[in-house]
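As a plain string of letters, each chain reads:
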Amino acid sequence: MSNVDKQVQALLRGAVEVFSAAELAERIAQAAKEHRPLRVKAGFDPTSPDIHLGHTVVLRKMRQFQDFGHKAVLIIGDYTARIGDPTGQNSTRPVLSADQIEDNAKTYFLQASKILDTADDKLEVRYNSEWLAGMQLADVIKLTGSMTVARMLERDTFDLRYKKGEPIGIHEFLYPLMQGYDSVMINSDVELGGTDQTFNNLIGRDLQRLDNQPPQIVMTMPILVGLDGTEKMSKSKNNYIGVTDAPNDMFGKVMSIADEMMENYYTLLTDIEADTIAELIDPVRTHPKQAKVNLGKTIVTQFYDAAVADAAVANFENVFAQNKLPDDMPVVTISAEPITAAKLLIHCKLVATGGEAKRAVKQGGAKINDKKLTDPNQQIAPEDGMIVQVGKRKFAKLKVK
């Protein structure tokens, strides 16, 4: 098998569609003759401050290209985020403020660097405001003239909303054009994205042809299912594993997934060979719990190290199998003044908002000294050593000042 064939075979693993595999092989061979790396693009709009494992499906594929000697071009969509991509939405996505976008964008590189090789010859980070912010109205009109309304309505989300009589903002048609224009500006050879980005990425091919550039190869990756087993992984749906989650939380969340989700997680989130995955997910050859422990250890090791992963396994066994309290429980200082149960959960940083606190209590997931709370407005008198808990993985010990 030639080096090109080996690359293509490895790079196609886990991909849903490639436009096209033959073009990918030709582009790799041509780049080798020219003694240059492929420029492999992936873009992320900083619409939230956190990257979760769903995002890493594309980033891991990008890292695979890097390991074959190619260059990753990470586009931070600080300008396109001002429009809001309507992908997968039934209505227009709310537009973020410039300050929100800037704050979110600052965290993206640091989080992406947990997966990508950040060497100068392997990674180029660009913000699309570099070329989009300076466009004049005439430039925008010229760009819109390259596409028809009929082409835009080929996008299923636009088509459905149009047929239902739901509003579609003219600015939403600009989003695919702007994302496609990114490909022109950075001379992309390959663009990676989730299946929900297929239309946008193919627009990039169209615009490159019009600019007399070789059209980029488009590779789409599956959407990772969230912890609930039904919806896509999303922070807003609270079914995600963040790349900055604490090791114990990360491991515990992996252990909570349904057994039938393991093949998908193993394939998209690890480098384990297909034959080994088949053995791990076969309950006759590997007990499902052991397979899940192995999956959790593998994922935690990728973001931390093997020793930390082993400690997370031990912590999980203590807390869940033996009903012991975790060894690394955070100590939270608090006054002795009575406080409502909901505010106590927020103070201990076990929940982020009052609404989340109320839901935790009403769903029976909040405890004090192993006793379930029943009323979010219940007055609690803090005591030294009091254990506050939300769900199965979040604990805090109170220290009264």
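The structure this text deals with has already been given above.
Conventions we followed
- Residues numbered from 1 in each chain as written.
- Predicted model: local features only at pLDDT ≥ 70, side-chain atom pairs only at ≥ 80, totals over all residues.
- Heavy atoms only, no water.
- Helix = DSSP H or I, 4+ residues; strand = E, 2+ residues; numbered from the N terminus.
- Rg over C-alpha atoms; globule rule 2.2 N^0.38 Å.
- Lys, Arg positive; Asp, Glu negative; His and termini not counted.
- Charge placed at Lys NZ, Arg CZ, Asp CG, Glu CD.
- Buried < 20%, exposed > 50% of the residue type's maximum accessible area, 1.4 Å probe, protein only.
- Pairing = 2+ DSSP bridges.
- Salt bridge = Lys/Arg side-chain N within 4 Å of Asp/Glu carboxyl O.
- Phe/Tyr/Trp six-rings, centres within 6.5 Å; stacked < 30°, edge-to-face > 60°.
- Lys NZ or Arg CZ within 6 Å of the ring centre and 35° of its normal.

Draft legend 1. Spatial organisation of the overall build of the chain. Counting its regular elements, the chain contains 17 helices and 13 strands. The C-alpha atoms of the chain give 24 Å as radius of gyration, which agrees with the globular expectation for 401 residues (21 Å, within 12%). Over its C-alpha atoms, taken along the principal directions, the chain stretches across nearly 70 × 50 × 40 Å. Counting 48 positive and 53 negative side-chain charges, the chain places the centres of these two groups 4 Å from one another.

Draft legend 2. The pairing of strand β7 (residues 331–334), seen in detail. Side chains Val332 and Ile334 of β7 all project onto a buried face; the interleaved residues Val331 and Thr333 project onto a face where none is buried. Judged from the four bridges that link them, β7 and strand β13 (residues 394–400) form a sheet pairing that is parallel. Looking across to β13, one finds that Thr333 is bridged to Lys399.

Draft legend 3. Spotlight on the pattern of salt bridges. Within this structure, the stated rule accounts for 23 salt bridges. Between Arg151 and Glu154 there is a salt bridge; the shortest N-O distance is 2.8 Å. Judged by relative accessible area, which is 18%, Arg151 ranks as buried. Accessibility expressed as a relative area gives 54% for Glu154, which makes it exposed. With a shortest N-O distance of 3.2 Å, Asp282 and Arg285 are connected by a salt bridge. Judged by relative accessible area, Asp282 falls into the partly exposed class, the value being 23%.

Draft legend 4. Molecular detail of the sheet that holds strand β12 (residues 387–390). Taken together, five strands build an open sheet; the order of strands is β7-β13-β12-β9-β10 and the sheet is mixed. Bordering the open sheet on either side are β7 and β10 (371–372), each of which pairs with just one other strand. Judged from the three bridges that link them, strand β9 (residues 366–368) and β12 form a sheet pairing that is antiparallel. Within the sheet, the bridge partner assigned to Ile368 lies in β12 and is Val388.

Draft legend 5. Main features of unusual backbone geometry. Of note, the bond from Phe19 into Ser20 is cis; its omega dihedral lies within 30 degrees of zero at -5°. Residue position: Ser20 is located in the loop between β1 (17–19) and α2 (21–33). Backbone geometry places Asn187, a non-glycine residue, at a positive phi of 50°. The phi angle at Asn212 is positive, at roughly 60°, despite the residue not being glycine.

Draft legend 6. Structural context of the packing of aromatic side chains. This model, assessed by the stated rule, comprises two aromatic pairs. Seen in terms of ring centroids, Phe158 and Phe173 are 5.1 Å apart; in terms of plane orientation they differ by 85°. Their pairing is edge-to-face. Of this pair, Phe158 sits in helix α8 (residues 156–163) while Phe173 sits in helix α9 (residues 170–185); the two residues are 15 residues apart in sequence, bridging distant segments of the chain. No difference in accessibility class separates Phe158 from Phe173, as the two residues are buried. Both rings, one in Phe251 and one in Phe316, keep their centres 5.5 Å apart while their planes meet at 75°; by these two values the pair is edge-to-face. Pair noted here: Phe251 is in helix α11 (residues 247–255) and Phe316 is in helix α15 (residues 306–321), with a separation of 65 residues, a long-range link. For the residue pair Phe251 and Phe316, the accessibility class agrees, reading buried in each case. For Arg155, the ring lying beneath its charged end belongs to Phe158, and the centroid distance is 5.3 Å.

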